[in-house]
Amino acid sequence: MHWAVEGLSHVMPPPRDGGDPVDWHALHADTGWQLPPDYRDFVAVYGMGTISDSIGIRTPRFEGYPYEDHLLFHAEQALADGELTWASNEAGDDFLWRCIGTPDQWAVIFRPRGRHQDHTYDMGMAEFLLHLVQGEIRPPLEAEFAMPATFESWREEEQRLLDEDGDLEGF
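Computed from a predicted structure; not experimentally measured.

### Digging into the sheet that holds strand β6 (residues 119–121)
Turning to step 1, where the next piece is worked out: One open sheet accounts for seven strands, arranged β6-β5-β4-β3-β2-β1-β7; its pairing is antiparallel. Here the strands that pair on one side only, and so sit at the sheet edges, are β6 and β7 (151–153). The sheet shows a mean angle of 30 degrees between the axes of neighbouring strands, taken without regard to direction.
Turning to step 2, where the next piece is worked out: Judged from the six bridges that link them, strand β3 (residues 82–89) and strand β4 (residues 94–99) form a sheet pairing that is antiparallel. Counterpart to Gly 82 in the pairing with β4 is Cys 99.

### Points about helix α3 (residues 37–45)
Turning to step 1, where the next piece is worked out: Of all the positions in α3, only Asp 38, Tyr 39, Phe 42, Val 43 and Val 45 are classed as buried.
Turning to step 2, where the next piece is worked out: Summarising the contacts, the buried residues of α3 are in contact with α1 (3–11), α2 (24–31), β2 (55–57), β4, α4 (125–133) and β7.
Turning to step 3, where the next piece is worked out: Gly 47 lies just past α3 and shows a positive phi near 80 degrees.

### Description of the nonpolar core
Note that soluble globular proteins tend to have their nonpolar side chains buried in a common cluster.
Turning to step 1, where the next piece is worked out: One finds Phe 42, Ile 51, Ile 57, Trp 86, Trp 97, Phe 128 and Leu 129 to be the most contacted residues of the largest nonpolar core, which totals 44 residues.
Turning to step 2, where the next piece is worked out: Residue assignment for this core shows that the elements contributing at least two residues are α1, α3, β2, β3, β4, β5 (107–111) and α4.
Turning to step 3, where the next piece is worked out: The leading source of residues in this core is α4, at seven residues.
Turning to step 4, where the next piece is worked out: The residues touching Phe 42, leaving out its near neighbours within four places in the chain, are Val 5, Leu 8, Met 12, Gly 47, Ile 57, Met 125, Leu 129 and Phe 151.

### Remarks on the packing of α1 against α4
Turning to step 1, where the next piece is worked out: Look at α1 against α4: their axes get within 8 Å of each other, and the N-to-C directions meet at 30 degrees. On the basis of the axis angle, α1 is roughly parallel to α4. Note on packing geometry: the crossing formed by α1 with α4 is left-handed. In this structure, α1 contributes Trp 3, Ala 4, Val 5, Gly 7, Leu 8 and Val 11 to the contact, and α4 contributes Ala 126, Glu 127, Leu 129, Leu 130 and Val 133.

### Let's talk about the pairing of β5
Turning to step 1, where the next piece is worked out: Of all five residues making up β5, five are buried, and the element is well covered by its neighbours.
Turning to step 2, where the next piece is worked out: The alternating pattern of β5 places Ala 107, Ile 109 and Arg 111 on one face and Val 108 and Phe 110 on the opposite face, and all of these are buried.
Turning to step 3, where the next piece is worked out: Bridge count between β5 and β6: three bridges; the pairing is antiparallel. Bridge assignment links Val 108 to a residue of β6, and that residue is Tyr 121.

### Remarks on the side chain of Ser 52
Turning to step 1, where the next piece is worked out: For Ser 52, the position within the fold is in the loop between β1 (49–51) and β2.
Turning to step 2, where the next piece is worked out: Here Ser 52 falls in the buried class, since its relative accessible area comes to 8%.
Turning to step 3, where the next piece is worked out: Leave out the neighbours within four places in its chain, and Ser 52 touches Phe 145, Ala 146, Pro 148, Ala 149 and Thr 150.

Procedures and definitions
- Residues numbered from 1 in each chain as written.
- Predicted model: local features only at pLDDT ≥ 70, side-chain atom pairs only at ≥ 80, totals over all residues.
- Heavy atoms only, no water.
- Pairing = 2+ DSSP bridges.
- Helix = DSSP H or I, 4+ residues; strand = E, 2+ residues; numbered from the N terminus.
- Axes fitted to C-alpha atoms, helices over the stretch in contact; angles between N-to-C directions.
- Buried < 20%, exposed > 50% of the residue type's maximum accessible area, 1.4 Å probe, protein only.
- Contact = heavy atoms within 4.5 Å.
- Core = buried A, V, L, I, M, F, W, Y, C linked by side-chain atoms within 4.5 Å.
- Parallel < 35°, antiparallel > 145°, perpendicular 65-115°, else oblique.
- Left-handed = near helix turned anticlockwise from the far one by under 90°.

Here it is as structure tokens:
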């Protein structure tokens, strides 16, 4: 497991049911996308979900994927040198990779809703999240970010909504 995902698991407990079962080899064969190792480990441990009821983490489709929109929704075929959004928050801030070099070299970009100035972090997604949830970096988020950080998987969210409302209408 990537060291930053291991670190995250100590400060932000992963879901009881674990992450999501993405077939990374099939994804690469079908789309050409090879995603960063730390991200693949994050998806295996946490999966798709929300950090502190604010930052929604995207994943590629997997068996049982519940939504139409997914990580590669607008980028089905791999880009040579581009950007790929891996998360966003309810205020419209985006978290992206700058897809230059090998996937383990991709830098994280934080793009505020107003798109006036990108903030680039020369680190992977999991390391960025670890520093974020530890309060060591503070991008200018347009949304609230509760600390200590929590993670709610999409399965837990669906169950919570069912428990609260009895149905998933509007989910």
